[in-house]
Amino acid sequence: MEEKIIMDNIDEVLESLGKYGRWQMMHLLLVGFCTSFATAFSSLGIVFQGWTPPHHCAVDGKNFTLNQTIPFVIDANSGASSMDKCNMYEYPGQTNRNTTVPCQNGYTYDSDGYYTIIEEFSWVCDKAIMNSMAQTVYYSGVLFGSFCFSPFADYFGRKYTSIVTGVVAAMSHLIGGIVVNPVVFIITRFFTGTATMGLRRIDPLARGQLTTRRGESNS
């Protein structure tokens, strides 16, 4: 009859599996890469999602040309002229065309097939601040997640909390990628920031608990 081995704590179990070896290293690298990639993508993805393509006021091509509708502005530094991005002539086609007004019929984008949230939500000109607002809301979620998930994990357990934060992060990313309402998109940014920060708060502790005390300093 085999003798049962009773172990008092998790460190003894990990020691019996073989201290800091290949399994622990693979676990640390895999889990660490996944959580770090998710956090980095959530934080820096807005650089690509929120790229502002060249644009100008939409033109009624049936009646007026670009020159008859959009004024040209001169850059004070380079001296180069370009079409005004946010204004158009109030009375296109008329000789006296000094008066300009904000774009009346939306915008035309030269995105070269690269479709971003800027074009989706028309976050240009007077609404350009909304892109920064979305990122501010994201980091508000990061701040909220940094405070709430540590006690949450202590109470419910880190495994359960990791699953919850992973599901929330995945769902917020998915919804944020398909919504057509800018308010809903900004709300998903908050939950994305909260969940990804939750992962980052829990991940080092969870990985440290799956190594022996000798390997914890390396994790």
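Residues numbered from 1 in each chain as written. Predicted model: local features only at pLDDT ≥ 70, side-chain atom pairs only at ≥ 80, totals over all residues. Heavy atoms only, no water.

Draft legend 1. Quick peek at the state of the cysteines. Per the counting criterion, the structure on display carries two disulfides. At a sulfur-sulfur separation of 1.8 Å, the disulfide partner of Cys57 is Cys103. Judged by the torsion about the S-S bond (-70°), the Cys57/Cys103 disulfide is left-handed. You can see Cys57 sitting in strand S1 (residues 55-57) and its partner Cys103 sitting in the loop between strand S5 (100-102) and strand S6 (107-109), a full 46 residues away along the chain. For the pair formed by Cys57 and Cys103, the shared burial category is buried. The disulfide partner of Cys86 is Cys125, and the S-S distance across this bridge is 2.0 Å. Because the torsion about its S-S bond is -95°, the bridge between Cys86 and Cys125 counts as left-handed. Here Cys125 lies in the loop between helix H5 (117-121) and helix H6 (129-156) and Cys86 lies in the loop between strand S3 (81-83) and strand S4 (87-89), a separation of 39 residues in the sequence. (Disulfide = S-S within 2.5 Å. Helix = DSSP H or I, 4+ residues; strand = E, 2+ residues; numbered from the N terminus. Buried < 20%, exposed > 50% of the residue type's maximum accessible area, 1.4 Å probe, protein only.)

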